[in-house]
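# Breakdown of the fold
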Amino acid sequence: MNLSLMFDRSIRSLSLSTSQNPKIPVHDSCKILFPPCLIESSKRGSFRTVSSATSLRLRLRHGPVEGALRARVSSDGGEFPKETELQAPSFVEFITSERVKVVAMLALALALCNADRVVMSVAIVPLSLSHGWSRSFGGVVQSSFLWGYLISPIAGGALVDYYGGKVVMAWGVALWSLATFLTPWAAETSIWALLTMRALLGVAEGVALPCMNNMVARWFPQTERARAVGLAMAGFQLGSAIGLTLSPILMSQAGLFGPFVIFGLSGFLWVLVWISATSSTPDRSPQISKSELDYILNNRKKSSTVDNQAKRSKVIPPFRRLLSKPPTWSLIVANAMHSWGFFVILSWMPIYFNTIYRVDLRQAAWFSAVPWSMMAIVGYFAGAWSDILIQRGLSVTMTRKIMQSIGFVGPGIALCCLTAAKSPLIASAWLTLAVGLKSFSHSGFLVNLQVGVPTKLQEIAPQYSGVLHGLSNTGGTFAAIIGTIGAGFFVELVGSFQGFLLLTSLLYILSALFFDIYATGERVNFD
């Protein structure tokens with residue numbers, strides 16, 4: 001008799017006997033208990049387990065023959081759902097969960113990261129006056145942060161892979177808080193001590209984003225990483241606004257070095273809370289509930305196969321092949337221009353408003369801070385719009401190019417208009433528009449990490465995404481150093497801040513054209 005038919009008859013007779021007698025016989029080859037259904041496989045066959053009080057799905061494998069049969073057993077004869085799965089949490093459950101507490105701590109760390117970074121953008125004005133520094137040397141002081149940042153993301157990523165995000169983030173925040181705290185002492189000691197301390201700040205802050213990515217991957221299933229990264233990156237962007245807004249206030253109340261001391265102490269406090277209140281993984285957390293842990297682990301397993309496939313790559317990447325492809329250079333050029341504009345605006349706008357419009361330092365910092373709050377908000381909606389375009393059938397490549405064009409051409413035009421503004425209020429409005437539109441580029445070459453879409457690096461070469469990220473990030477950091485230092489020398493030689501902004505506008509537009517010509521959102525063969 002056919003094997004499937006024999007099994008079907010045995011299941012039917014078992015179903016009839018179950019309705020009359022709840023005590024189910026236990027066989028050596030198959031143990032069945034209702035409810036819930038638990039099926040154990042014999043040595044020759046195997047069955048897939050389905051957790052349900054009223055439905056049983058059986059899959060039999062026997063050599064090359066595979067049959068699938070279903071039997072539904074109900075105490076009242078009704079139909080019920082085939083399977084019960086762990087349901088996604090509600091919004092209230094999500095925001096009160098242990099994993100959101102972890103990402104909130106990450107957001108605070110990234111806010112401190114940017115706040116400690118931008119303090120010098122405000123303090124450089126009185127420091128230059130008290131020490132007699134030129135504009136060009138002021139640019140060197142501000143760029144010293146990037147000297148350390150140039151090498152640490154790659155080394156930081158390796159440390160995170162080995163020790164985990166919790167440990168490395170704790171050491172990173174402690175080290176950059178120490179560098180911030182000691183900056184006043186270094187500034188009064190010697191210029192070399194100051195440059196060393198700022199470079200140390202860059203080295204320590206280079207581990208922040210790798211640690212954030214590591215902790216999000218460990219604590220959040222793939223379906224929630226969008227919101228998790230969005231929360232963390234919102235802290236990163238708001239840190240610029242917080243640092244630029246509070247620094248002049250703290251300087252007026254606690255002296256020139258007040259912000260360095262207070263932000264440094266805040267970092268030490270964060271480290272104490274981070275070590276005592278968070279765990280490196282959900283299964284090590286004493287505070288997490290069983291239902292939340294089950295939800296995280298269950299959903300994380302579903303994406304582990306896909307994630308592992310994307311990580312397979314050669315031990316020695318084919319650098320020559322990578323650099324021979326135009327899409328690689330489109331990413332490097334886009335990252336370079338993104339970093340150039342980001343650090344030029346972050347470092348020089350307080351000085352620009354103070355010099356051009358003769359506003360005091362507190363007002364100059366306020367005018368420079370508002371745009372970064374706008375960037376945190378607009379960046380999220382830009383990413384959501386990018387997702388909608390793809391869902392409606394627009395190609396990935398075209399979507400990325402649209403986003404990148406808005407993110408580069410928009411700021412280019414806005415900065416041109418800023419140079420013609422007659423009042424600081426109008427100039428701040430144009431600057432806010434420039435920085436807000438700049439966030440669209442996150443959905444272009446960065447593909448907006450704030451909404452959790454796989455990065456463009458993962459789109460064109462998932463097996464070499466780490467190498468491509470390192471190449472593009474290195475190009476971006478070099479561009480940031482050149483732009484930050486070059487702004488000071490340009491102003492000294494030409495005597496015009498507006499001229500440097502016009503140069504930046506031109507570079508924005510040329511970079512957008514380069515990206516639109518050579519970029520792609522499809523897989524590129526680098527092997």
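Structural notes, computed from the coordinates. Quick caveat: nothing in here was measured; it's all calculated off a predicted structure. (Residues numbered from 1 in each chain as written. Predicted model: local features only at pLDDT ≥ 70, side-chain atom pairs only at ≥ 80, totals over all residues. Heavy atoms only, no water.)

## Some points on the overall build of the chain
Across its full length, the chain holds 19 helices and 2 strands. When contacts within the chain are restricted to residue pairs at least 6 apart in sequence, long-range pairs at least 24 apart make up 76% of them. In the structure as shown, the chain presents an accessible area of about 24800 Å², 64% of it carried by carbon and sulfur atoms. (Helix = DSSP H or I, 4+ residues; strand = E, 2+ residues; numbered from the N terminus. Contact = heavy atoms within 4.5 Å. Areas by Shrake-Rupley, 256 points an atom, 1.4 Å probe, with all protein chains shown as cover.)

## Looking at the environment of K422
The topology assignment puts K422 in the loop between α15 (396-419) and α16 (424-438). Separated by 66 residues in sequence, K422 and I356 have C-alpha atoms that sit 9.7 Å apart.

## Some details on the pattern of salt bridges
A complete count under the given rule lists 3 salt bridges for this structure. Salt-bridge contacts for R117 lead to E205; the nearest nitrogen and oxygen are separated by 3.3 Å. Taken as a pair, R117 in helix α3 (residues 98-131) and E205 in helix α7 (residues 191-205) lie far apart in primary sequence, 88 residues in all. Taking the shortest distance from any N to any O, the salt bridge between K290 and D294 comes out at 2.9 Å. Within this pair, K290 and its partner D294 are both found in helix α11 (residues 290-310), separated by 4 residues, close to a single helical turn. K290 gets classed as exposed once you look at its relative accessible area, which sits at 63%. Judged by its relative accessible area of 30%, D294 is partly exposed. (Salt bridge = Lys/Arg side-chain N within 4 Å of Asp/Glu carboxyl O. Buried < 20%, exposed > 50% of the residue type's maximum accessible area, 1.4 Å probe, protein only.)

## Structural notes on the packing of aromatic side chains
Considering all chains together, one arrives at 18 aromatic pairs under this definition. Ring geometry for W385 against F440: centres 6.3 Å apart, planes inclined by 85 degrees, an arrangement best described as edge-to-face. Of this pair, W385 sits in helix α14 (residues 361-391) while F440 sits in the loop between α16 and α17 (456-460), and the two are 55 residues apart along the sequence. For W385, a relative accessible area of 36% translates into the label partly exposed. Overall, the relative accessible area of 12% leaves F440 in the buried class. Every member of this aromatic cluster is reached through a ring pair, and the members are W348, Y352, F353, Y357, F367 and F497. Seen from the ring of Y149, R117 lies directly overhead, with NZ or CZ sitting 5.6 Å from the centre. (Phe/Tyr/Trp six-rings, centres within 6.5 Å; stacked < 30°, edge-to-face > 60°. Lys NZ or Arg CZ within 6 Å of the ring centre and 35° of its normal.)

## Observations regarding the side chain of T484
Looking at where T484 falls in the secondary structure, it is placed in helix α18 (residues 465-494). By relative accessible area, T484 is classed as buried at 1%. Here T484 is in contact with G139, Q142, S143, L146, F343, V344, S347 and W348, once residues within four sequence places are set aside.

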